[in-house]
Amino acid sequence: NSEFWGKQPFFCKFNGGNYVNLAGEVNLELDPGINAPTVDYPFWFQGESGNLEFCGYALSNYESNEHYEVAEFDPYDSETYNGATNGKSLPTIESIQANEQMGYFEYIPWRGRTSAFWKDSFLYHDTTQTNSALNFGGSSATYFTGRPAGLWSLCAFNEGSLGEESSESSFHRGAMHPSFAEHSTPAHFSYGGCNTTEPIGSSKYHNALFCNGQSSEQNTECDKVTYANGDAENGEYNPMQAFYCKNHCGLRFPLGTDALYCDDNGNECGEKTEECNELCSGRCYQPRDLNDDMFGSPALNDDVMITGSA
């Protein structure tokens, strides 16, 4: 299905195998049967006996027929989204977590990494590259044909509930979806702030909130989307959320580790101090590693770009 392939995360139920990093080093602590891959170990390696039981996409369970006027929409600024998707159906963080709760995790095959055509840049999308083959062309007409640079959340908009369902199905012809995800329990999700035990269902929902981690989202419902359990200070950063880089995309820091900073001359100097407080060019960060001076505005600018994981 052209609406999904190469544009939305692909999820599989793994039977055996291991997660490995870019260098091919195996993580023996994570069990792909019950654990999701991580930023530093994103690939699944089947080994001698691993196999895929079933694969599919997260349900595209949010759609709004609201359209943007060109002058109103800025894809870098979550405050200009206003719930609109230009009539396109898109996954939410709730539908992604429904897959994970049922044991379906994002699938990036190690076999692809060993291909002669592999590029490390396949693991992220630089949103300043507006002429690339992906959806970030700067126009709302094309932008919502793929994965936006951020996350939609049902529960964050609807005070913990999934909100009002529509009569339309979120299934798409030609796109497989793990059926058991419909039986997940949103109250157990880490992101979005859901407090309902109502199953997520297979219908589309009417309202959602868009969050990308920008500074103006601090102390709002978006904290529940971007940080585990809404804890912006200590909660785990959502691995599906966008991340930020200076000048050009580069190494993304593993979640939960201290970011590396640079001095005024661009030299790496370690932990953040008064003299060591600049973002390093080509390094990528979580939003809480930044401040308003680094953003330049409540939204994003050309100095700090937004990128998304594959």
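Above this text you will find the structure in question.
Notes on the structure follow.

Right, let's get into the side chain of N27. Mapped onto the fold, N27 is located in strand β3 (residues 26–27). What makes N27 buried here is its relative accessible area of 12%. Reaching out from N27, the side chain makes a polar contact with the backbone nitrogen of L30 at a distance of 3.1 Å. Setting aside residues up to four positions removed in sequence, N27 forms contacts with N18, Y19 and Y41.

Take the sheet that holds strand β4 (residues 43–45) next. Note on sheets: strands pair through backbone hydrogen bonds, and any given pair is parallel or antiparallel. With antiparallel pairing, the three strands of this open sheet are ordered in space as β3-β2-β4. This sheet does not close on itself; its edge strands, each paired only once, are β3 and β4. Note: strand β2 (residues 18–20) against β4, three bridges, orientation antiparallel. Paired with Y19 across the strands is W44, a residue of β4.

Here we take up the pattern of salt bridges. This structure, assessed with the given rule, holds three salt bridges. Close ionic contact of K204 with E63 constitutes a salt bridge, the shortest N to O distance being 2.5 Å. In this pair, K204 sits in strand β12 (residues 203–205) while E63 sits in strand β6 (residues 62–63), placing the two residues 141 residues apart along the sequence. Side by side, K204 and E63 carry an identical accessibility label, which is buried. In this structure, E168 engages K204 in a salt bridge whose closest nitrogen and oxygen atoms are separated by 3.5 Å. In this pair, E168 is assigned in strand β11 (residues 165–169) and K204 in strand β12, connecting sequence segments 36 residues apart. On the basis of relative accessibility, which here comes to 8%, the residue K204 falls in the buried class. Ionic contacts of the salt-bridge type, sharing partners, join the residues E63, E168 and K204 into one network.

This part covers the packing of aromatic side chains. In this description, a pair of aromatic rings is defined by centroid distance and the angle of the planes. In the structure shown here, the tally under the stated rule is 22 aromatic pairs. Aromatic pair Y261 and Y285: ring centres 5.8 Å apart, planes at 35°, arrangement tilted. Placement of Y261 in strand β15 (residues 261–262) and of Y285 in strand β17 (residues 281–285) is noted, with a sequence separation of 24 residues between them. Just as Y261 is buried, Y285 falls in that class too. By the ring-pair criterion, three or more aromatic residues cluster together here, those being Y62, F73, Y81, Y143, F144, W152 and F210. The residue whose ring lies beneath K13 is Y104, and the NZ or CZ to ring-centre distance is 5.3 Å.

Right, let's talk about the state of the cysteines for a bit. Summed over the entire model, instances satisfying the criterion amount to five disulfides. The disulfide bridge from C12 ends at C55, spanning 1.9 Å between sulfur atoms. What sets the handedness of the C12 and C55 disulfide is the S-S torsion sign, and at about 110° it is right-handed. Here C12 is found in strand β1 (residues 10–15), whereas its partner C55 is found in strand β5 (residues 51–57), with 43 residues between them in sequence. Taking relative accessible area as the criterion, C12 reaches 0% and is therefore assigned buried. Each sulfur in the disulfide pair C211 and C222 lies 2.0 Å from the other. Measuring the twist about the S-S bond at about -80°, one finds the C211-C222 disulfide to be left-handed.

Moving on, we get to the sheet that holds β1. One open sheet holds the three strands; their spatial order is β5-β1-β8, and the pairing between them is antiparallel. At either end of the open sheet lies a strand with only one pairing partner, and these are β5 and β8 (105–106). Bridging between β1 and β5 involves six bridges; their strand directions are antiparallel. Its bridge partner being in β5, F14 is matched across the sheet by L52.

So, about the nonpolar core. Grouped together as the largest cluster of nonpolar side chains are 18 residues, with contacts concentrated most on Y81, Y143, F144, W152, L154 and L162. Counting residues in each nonpolar core, the second largest holds 13 residues, with F11, L151, C211 and C222 among its members.

This brings us to helix α1 (residues 93–101). Buried residues dominate α1, accounting for seven of its nine residues. The set of residues buried in α1 consists of I93, E94, S95, I96, Q97, A98 and N99. On its buried face, α1 sits against β1, β5, β10 (151–153) and α4 (154–157). After α1 finishes, the residue G103 shows a positive phi value of roughly 90°.

Parameters at a glance
Residues numbered from 1 in each chain as written. Predicted model: local features only at pLDDT ≥ 70, side-chain atom pairs only at ≥ 80, totals over all residues. Heavy atoms only, no water. Helix = DSSP H or I, 4+ residues; strand = E, 2+ residues; numbered from the N terminus. Buried < 20%, exposed > 50% of the residue type's maximum accessible area, 1.4 Å probe, protein only. Polar contact = N/O pair within 3.5 Å; in protein donor to acceptor, adjacent residues only side chain to side chain. Contact = heavy atoms within 4.5 Å. Pairing = 2+ DSSP bridges. Salt bridge = Lys/Arg side-chain N within 4 Å of Asp/Glu carboxyl O. Phe/Tyr/Trp six-rings, centres within 6.5 Å; stacked < 30°, edge-to-face > 60°. Lys NZ or Arg CZ within 6 Å of the ring centre and 35° of its normal. Disulfide = S-S within 2.5 Å. Core = buried A, V, L, I, M, F, W, Y, C linked by side-chain atoms within 4.5 Å.

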